[in-house]
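What the coordinates show
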Amino acid sequence: MRNASDPYDEEEDDDDVSSERQIVVGICSMMKKSNSKPMTQIMERLCKFEYITVVIFPEDVILNEPVEKWPLCDCLISFHSKGFPLDKAVSYAKLRNPLLINDLNMQYFIRDRREVYRILKEEGIDLPRYAVLNRDPDRPKECNLVEGEDHVEVNGEVFQKPFVEKPVSAEDHNVYIYYPTPAGGGSQRLFRKIGSRSSVYSPESAVRKTGSYIYEEFMPTDGTDVKVYTVGPDYAHAEARKSPALDGKVERDSEGKEIRYPVMLTAMEKLVARKVCLAFKQTVCGFDLLRANGHSFVCDVNGFSFVKNSMKYYDDCAKVLGNMVMRELAPQLHIPWSIPMEAEDIPIVPTTSGTMMELRCVIAVIRHGDRTPKQKMKMEVRNALFFELFDKYGGYKTGKLKLKKPKQLQEVLDIARQLLAELGQHNDCEIEEKKSKLEQLKTVLEMYGHFSGINRKVQLTYLPNGQLKASSEEEDSLTGGPSLLLVLKWGGELTPAGRVQAEELGRAFRCMYPGGQGDYAGFPGCGLLRLHSTYRHDLKIYASDEGRVQMTAAAFAKGLLALEGELTPILVQMVKSANMNGLLDSDSDSLTDCHQRVKARLHDVMQKDQDFSEDYQKLAPTGSPSLINSMKTIQNPVRTCDKVHALIQSLTRQIRSRLEDPKSANLQLYHSETLELMLQRWSKLERDFRMKSGRYDISKIPDIYDCVKYDTQHNGSLALEDTLELFRLSRALADIIIPQEYGISKLEKLDIASAYCLPLVRKIQLDLQRTHEDEAVNKLHPLYSRGVMSPGRHVRTRLYFTSESHVHSLLSIFRYGGLLDEGKDEQWKQAMDYLSAVTELNYMTQIVIMLYEDNNKDPSSEERFHVELHFSPGVKVSPNEENAPAGFGFRPASAKSQEKQEDLGSLEDLTEDQPTCHTLSDPLSIHRKSPLLGNRKAGSMEVLSECSTSSRGAIYRLFPSCSRQSPEVKSSGLGFPYTGLFSASSRGVSSSAPNLRELAPSQRKKVTSPRRRTSGHELLSMPAVKRFSVSYARHPTNGFEGCSMVPSIYPLETLHNSLSLKQVDEFLNKVCESRSETLTKTLKCLSAMFDSQFQPSMQQPESLERASSSVAPSPPQPPARPVWYLSNPPSAASTSGPSSPSSAEPPALSISSE
């Protein structure tokens, strides 16, 4: 290889030329590209071909000399970059006619994204749906742009946010992604890498008004881009990197290079690579692939591109190019050369040895994080304006309408303002809506000064005969004639503390995954990050449509994958909304008949002004210790409600007096709340809790507990009197009301649970079944991966974020569905005792299922797949939780496996690498590097020891007690951020390695001895085992406003760690089938009712409507009777929607018993 500072010397010795004729490959590009490391590495390898010489055209010659004076060559590698004279290169090719590796004329097209997309479309290559906006005076028809709040219309093509806006020039890297208002709005601005940044988030939501752009649909890629590099039509190398749109931070290795990992292309993607290479006539060509929704889309073609830092690629590229040049030119130049034939590469199949088990699947169902108190107001509306709005958005199709978009909420606010203005002018009876309700509607909708779609929503439900039964806050509501029930919901936003909780739990979750060497070594949870970035982690995150749930999911993903920046880009790209199939959402208005009966019974028992006596059996037939304790605390429910109401009155008086005091009137409370808003919150509860009849509305107890828990944690600085007593009493009431609303007896709990979460149960079953069917999943390429010890490993993770109802329901299914027999399985008996002692499923409650595979077992054997079930009750309710139930640790050792471990040596005997017992009390620093990372055997970080099927044996815990923590950590609140979240994460130990040996024998004795108990009563009487290094820590809030006290999260406790996949699958199948049988019986019953009763009475609603037409202004009537429009009361037949997205079963219908 040589630089040609002068034109090629044609006067060389003719004898030498004829005897040793060389094929000259010319490199014509800017000096920065010609001298780059990839080019140098490849050209050096190319020169090893006996008959090939490489000549590099000097940049000065390219820029300043005419093409006639350029060096001669037989083959030309030439490509455009900034400053390169492409026109001159085209002239040179015409003059000398060399073999072109990359066509030069096509490079004009590659510089224009419009042409790139046109060519891709013509070739039948999948690309995102797009439209071109040409701001060109000569093409006025291509310049029609209509911008809406959450969409743009480009030349008649509508793009809902999120969408992408790309400049038409491929040289311009300022690509913007615009996010929808419900997700937080704003835009992500991508640019060519500057240092460690490749994009930045901006609050600006309006599109650019100058320049021509391509607008295209945004493709959700789970935060990873794939870059493909072709060398001819039959060779393609692919690499994954973190998407620049995710958080804008470029991941770099120790040498400062962007971290990328080779991935395997599917057969279809290889065909796409071939098509791109041939269509653009670029032998060496790079392009970008987006893998989304099971398909691959080409979103950019870059032209000439080499892979960086891959020796295998350099070898392959030089070999392919050299063979290509020799094949084309050797015959012409009479050079003796034959095409070498090589065997195809044999794919590497990783295997495990011994009794190692491989983590294959992690499924977690998680409740959202800490939120502001939820608030709700109901009002019956009859004004024609509300009916017009209901009709406008298709409410008559289902009888229900949910309004969340800013434009929709603005319309509701306009109606409220208009009606209030009319009431103010002439106070007559034509407007039936109560003035106070309209004022509250207006006030809530005017809060914050803008609509975000996450904070507030309005639900409208059609009532054919008006409201049938007045609720506590609608006792004087009007009846007769059709009406709409308007439910306004606000509050319930994820707090800064909730974000911190979710993010830190995400960080801690990493430590459940095996592995971690290379660039991430020494960083907690590095195994998961490495799995994910190398395409060996199949991650999907689902969330219900509530804003707090979606933001929790985004914050968790941020912590899980070590992302940076705002949550909006993470939410849009990583979190899938599961609200379309009932997977994670529940419609509280469509309760089952059983659920309604349970609520009525609960209401009756709690209204009795007498001490609980025989009610213990009525309210607690399952004998739950937590429930019985709460009933003992309450004694007389009505008297306790009297006390609670009096305490609320005292609280509102104190807040009013603070408002009247000039010193505290403008006091700023947590999360930008004011004293006035706090007073509104408590005053509403004071009014609603005690009804005009003097009875108490029990349904308000969860809201009261919600509010006092919030204020105790976040607004404790107000030092209001008696808040702790209100907290104690309302918590005791809530500990009865909340869990028992989901069923009192075991059968009721199962019935209600299956109605809530049957689609989720089916989805979990599918997740477990599909784990070993990996053919269609994106994979790491084993041949090109440097430092990846097990390229074949593949872990499926499915995370489901939801609300309290689904967590209660799923736990009920596992507890009462008959998974195991408590009488025959001691571990399950202990787990059930532990769950019975848990009082509350608080924020960030987790139910985790982990699936392992033993590759040494026969695929048809029950021992091949091994399932574990884990649980955490979430956030610790108060800093001094004395009665917290103690579990049995995360993945406790069994006696059988401990016997095996005695001779295992360095792989499982962690005592050699761990600090001695006194180190347990030391504060842990995030910067401490785990001794395990360097000392364990190669590959051992990514494998698991087989768990024994025995559930007996020693139980231990890795967590230090709070009481042994150093005073400095307690006072500052700073320390190892993951401590207290997972049992092994704080020591750098891969907590997915089971049967971890106790750190010291004395410590094992201390922890295990009090756990040996035989009854639930002993469980409650035993001292609490504290496991939190920072029990109530002040966490750095990463830019969140406020620095509130953020409580710790209970560590995961293992409920069972020796289940077979067959056991679990059969159990889930039984749950689904029993629910299906119930539905079948219900449908038969309903069919008989329709035949015998409903048909003759179908005209009833119309006659009622005619009768009521003279009473109220006539609202617009539905054009046709919808399917849900029945004459009997809604309580007689209710629907909970289709049971599964993929199921063809009828909707879950239930009818009241006669």
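Keep in mind that this is a model prediction, so the values were computed, not measured. Starting from 1, residues in each chain are numbered consecutively following that chain's sequence as written. Residue-level local features of this predicted model are given only where pLDDT is at least 70; pairs of side-chain atoms are given and counted only at 80 or more, and the full residue set underlies all totals for whole chains, interfaces and linings. Side-chain measures were taken over the full set of non-hydrogen atoms in the model, leaving aside hydrogen atoms and water.

1. Topic: the overall build of the protein
Strands here mean DSSP runs of E at least two residues long; helices mean DSSP runs of H or I at least four residues long; both are numbered from the N terminus. Counting its regular elements, the protein contains 33 helices and 36 strands. Using a 1.4 Å probe on the protein chains alone, a residue whose accessible area is under 20% of its type maximum counts as buried, one over 50% counts as exposed, and one in between counts as partly exposed. Counting the 1154 residues in the protein, one finds 58% classified as buried. Between two residues, a contact is recorded if the distance between any of their heavy atoms is within 4.5 Å. By sequence separation, contacts in the protein at least 24 residues apart represent 75% of the contacts at least 6 residues apart. Just so you have it, the protein exposes about 48,900 Å², and 51% of that area is on carbon and sulfur atoms. The accessible surface values rely on the Shrake-Rupley method and a 1.4 Å probe; as for residues, cover is taken only from the protein chains in view.

2. Re unusual backbone geometry
A cis geometry characterises the amide bond from Lys 161 onward to Pro 162, with omega recorded as 5 degrees. Even without glycine at this site, His 334 takes up a positive phi of about 55 degrees. On the secondary structure map, His 334 appears in the loop between helix 9 (311-329) and strand 20 (356-367). Although it is not a glycine, Asp 722 adopts a positive phi angle of roughly 65 degrees. Counting through the fold element by element, Asp 722 comes out in the loop between helix 22 (701-714) and helix 23 (723-740). The class of Asp 722 is partly exposed, set by a relative accessible area of 42%.

3. A word on the pairing of strand 25 (residues 537-543)
On any regular strand, side chains alternate: one points to one face of the sheet, the next to the other face. Counting buried residues along strand 25, 7 of its 7 residues qualify, which places the element largely inside the surrounding structure. With burial as the criterion, each face of strand 25 is covered, one bearing His 537, Leu 539, Ile 541 and Ala 543 and the other bearing Asp 538, Lys 540 and Tyr 542. Alignment of strand 25 against strand 28 (residues 795-802), held across 7 bridges, turns out to be parallel. Bridged to Ala 543 within strand 28 is Phe 801. Pairing between two strands requires that DSSP report at least two bridges joining them. Taken together, the 3 bridges between strand 25 and strand 26 (residues 575-577) define a ladder with parallel strand orientation. Across the sheet, the residue bridging to Ala 543 is Ser 577, located in strand 26.

4. Brief notes about the packing of helix 24 (residues 746-769) against helix 25 (residues 804-816)
It is the contact of helix 24 with helix 25, at a shortest axis distance of 7 Å, that shows an interaxial angle of 105 degrees. It follows that helix 24 is roughly perpendicular to helix 25 by the angle criterion. Facing Lys 746, Lys 749, Leu 750, Ile 752, Ala 753, Ser 754, Tyr 756, Cys 757, Leu 760, Val 761 and Ile 764 of helix 24, the residues of helix 25 in contact are Ser 805, His 806, Ser 809, Leu 810, Ser 812, Ile 813 and Tyr 816. Simply put, an axis is a line fit to the C-alpha atoms, just over the touching stretch for a helix, and the angle between two N-to-C directions goes from 0 to 180 degrees. Any angle from 65 to 115 degrees is called roughly perpendicular, while one under 35 is roughly parallel, one over 145 is roughly antiparallel, and all others are oblique.

5. Describing the pairing of strand 16 (residues 236-242)
Most of strand 16 sits out of view: 6 of its 7 residues are buried. Here strand 15 (residues 224-231) pairs with strand 16 via 7 bridges, running antiparallel. Bridging across to strand 16, Thr 230 finds its partner in Ala 236. Between strand 15 and strand 16, which pair antiparallel in sequence order, lie 4 residues; one of them, Gly 232, sits at a positive phi of approximately 80 degrees.

6. Quick word on the sheet that holds strand 13 (residues 197-202)
Spatial strand order, 6-14-10-11-12-13: 6 strands in an open sheet with antiparallel pairing. Unpaired on one side and paired on the other, strand 6 (130-133) and strand 13 mark the two borders of the sheet. Looking at each pair of strands side by side, their axes are set apart by 20 degrees on average, direction ignored. The sheet contact formed by strand 11 (residues 176-178) and strand 12 (residues 187-194) spans 3 bridges and is antiparallel. Its bridge partner lying in strand 12, Tyr 176 is registered against Arg 189.

7. Quick look at helix 9
With 19 residues, helix 9 should cover 27 Å at 1.5 Å per step; its first-to-last C-alpha distance of 27 Å lies within 8% of that length. Along helix 9, the residues classified as buried are Tyr 313, Tyr 314, Asp 316, Cys 317, Ala 318, Leu 321, Gly 322, Asn 323, Met 324, Val 325, Met 326 and Leu 329. Here a helix's expected span is defined as the number of its residues, less one, multiplied by 1.5 Å.

8. Observations concerning the sheet that holds strand 8 (residues 151-154)
Here 3 strands make up an open sheet; going across it, the order is 7-8-9 and the pairing antiparallel. Whereas interior strands pair on both sides, the edge strands pair on one side only; in this sheet they are strand 7 (145-147) and strand 9 (157-160). Across the sheet, the axes of successive neighbouring strands diverge by a mean angle of 15 degrees, strand direction being ignored. Both strand 8 and strand 9 contribute to a ladder of 4 bridges, which runs antiparallel. Across the sheet, residue Glu 153 finds its bridge partner in strand 9, namely Val 158.

9. Things to note about the confidence of the model for the protein
Each residue gets a pLDDT score, which is the predictor's confidence in that residue and runs from 0 to 100. Overall, the predicted model of the protein reaches an average pLDDT of 74, with 68% of residues at or above 70. Every residue in residues 6-18 scores below 50 in pLDDT, and together they form 10 contacts with partners more than four places removed in sequence or on other chains. Confidence drops under a pLDDT of 50 for residues 1089-1116, and excluding neighbours within four residues, the segment shows 34 contacts in the predicted structure.

10. Comments concerning a positive patch on the surface
On the surface, a cluster of positive charge is contributed by Lys 32, Lys 33, Lys 82, Arg 192 and Lys 308. For Lys 33, the position within the fold is in helix 2 (residues 31-34). The residues that make up patches have over 30% relative accessible area and no salt bridge, and they are joined within 9 Å when like-charged or within 5 Å when they are Val, Leu, Ile, Met, Phe, Trp or Tyr. Salt bridge criterion: a side-chain nitrogen from Lys or Arg within 4 Å of a carboxyl oxygen from Asp or Glu. Working convention for charge: Lys and Arg count positive, Asp and Glu count negative, and His plus the chain ends are omitted. Throughout, a charge is located at the NZ atom of Lys, the CZ atom of Arg, the CG atom of Asp or the CD atom of Glu.

11. Concerning the packing of aromatic side chains
Here is the rule: rings of Phe, Tyr and Trp (six-membered ring for Trp) pair when centre to centre is within 6.5 Å. Planes less than 30 degrees apart are stacked, more than 60 are edge-to-face, and the remainder are tilted. Applying the stated criterion across every chain yields a total of 27 aromatic pairs. Between Trp 70 and Tyr 92, the ring centres sit 5.4 Å apart and the planes meet at 35 degrees, which makes this aromatic pair tilted. Highlighted residues: Trp 70 in the loop between helix 4 (59-64) and strand 4 (75-78) and Tyr 92 in helix 5 (residues 86-96), separated in sequence by 22 residues. Seen from their ring centres, Tyr 179 and Tyr 201 are 6.4 Å apart, and the 20 degrees between their planes marks the pair as stacked. Of the two residues, Tyr 179 sits in the loop between strand 11 and strand 12 while Tyr 201 sits in strand 13, which places them 22 residues apart along the sequence. Judged by relative accessible area, which is 0%, Tyr 179 ranks as buried. Residue Tyr 201 is classed as partly exposed on the basis of its relative accessible area, which comes to 22%. Taken together through their ring pairs, the aromatic side chains of Phe 79, Tyr 235, Phe 304, Phe 306, Tyr 313 and Tyr 314 make up a single cluster. Here the guanidinium or amino end of Arg 208 rests over the ring plane of Tyr 176, the centre of that ring lying 3.6 Å away. The criterion is that NZ of a Lys, or CZ of an Arg, lies within 6 Å of the ring centre and within 35 degrees of the ring normal, and then a charge sits over that ring.

12. Comments concerning the environment of Met 850
Within the secondary structure layout, Met 850 lies in strand 29 (residues 846-853). Its relative accessible area of 0% is what places Met 850 among the buried residues. Distance in space between the C-alpha atoms of Met 850 and Glu 868 is 5.1 Å, their sequence separation being 18 residues. Discounting chain neighbours no more than four positions away, the residues touching Met 850 are Leu 359, Cys 361, Val 362, Met 512, His 866, Val 867, Glu 868, His 870 and Phe 890.

13. With respect to helix 23
With 18 residues, helix 23 extends 25 Å between its outermost C-alpha atoms, agreeing within 8% with the 26 Å of an ideal straight helix rising 1.5 Å per residue. At Ala 734, helix 23 is deflected by roughly 30 degrees, the largest bend along its length. Where burial is concerned, most of helix 23 is hidden: 14 out of the 18 residues are buried. Fitting axes to the seven residues ending at a residue and to the seven starting there, one defines the bend at that residue as the angle between these axes.

14. Concerning the pattern of salt bridges
In this structure the tally under the stated criterion is 37 salt bridges. Between Asp 112 and Arg 114 there is a salt bridge, and its shortest N-O distance comes to 3.1 Å. Accessibility expressed as a relative area gives 18% for Asp 112, which makes it buried. With relative accessibility at 24%, the residue Arg 114 sits in the partly exposed group. For Glu 546, the salt bridge identified is with Arg 548, shortest N-O distance 3.0 Å. Residues Glu 546 and Arg 548 agree in their burial class; the two are buried. The network of salt bridges with common partners includes Glu 115, Arg 118 and Glu 122.

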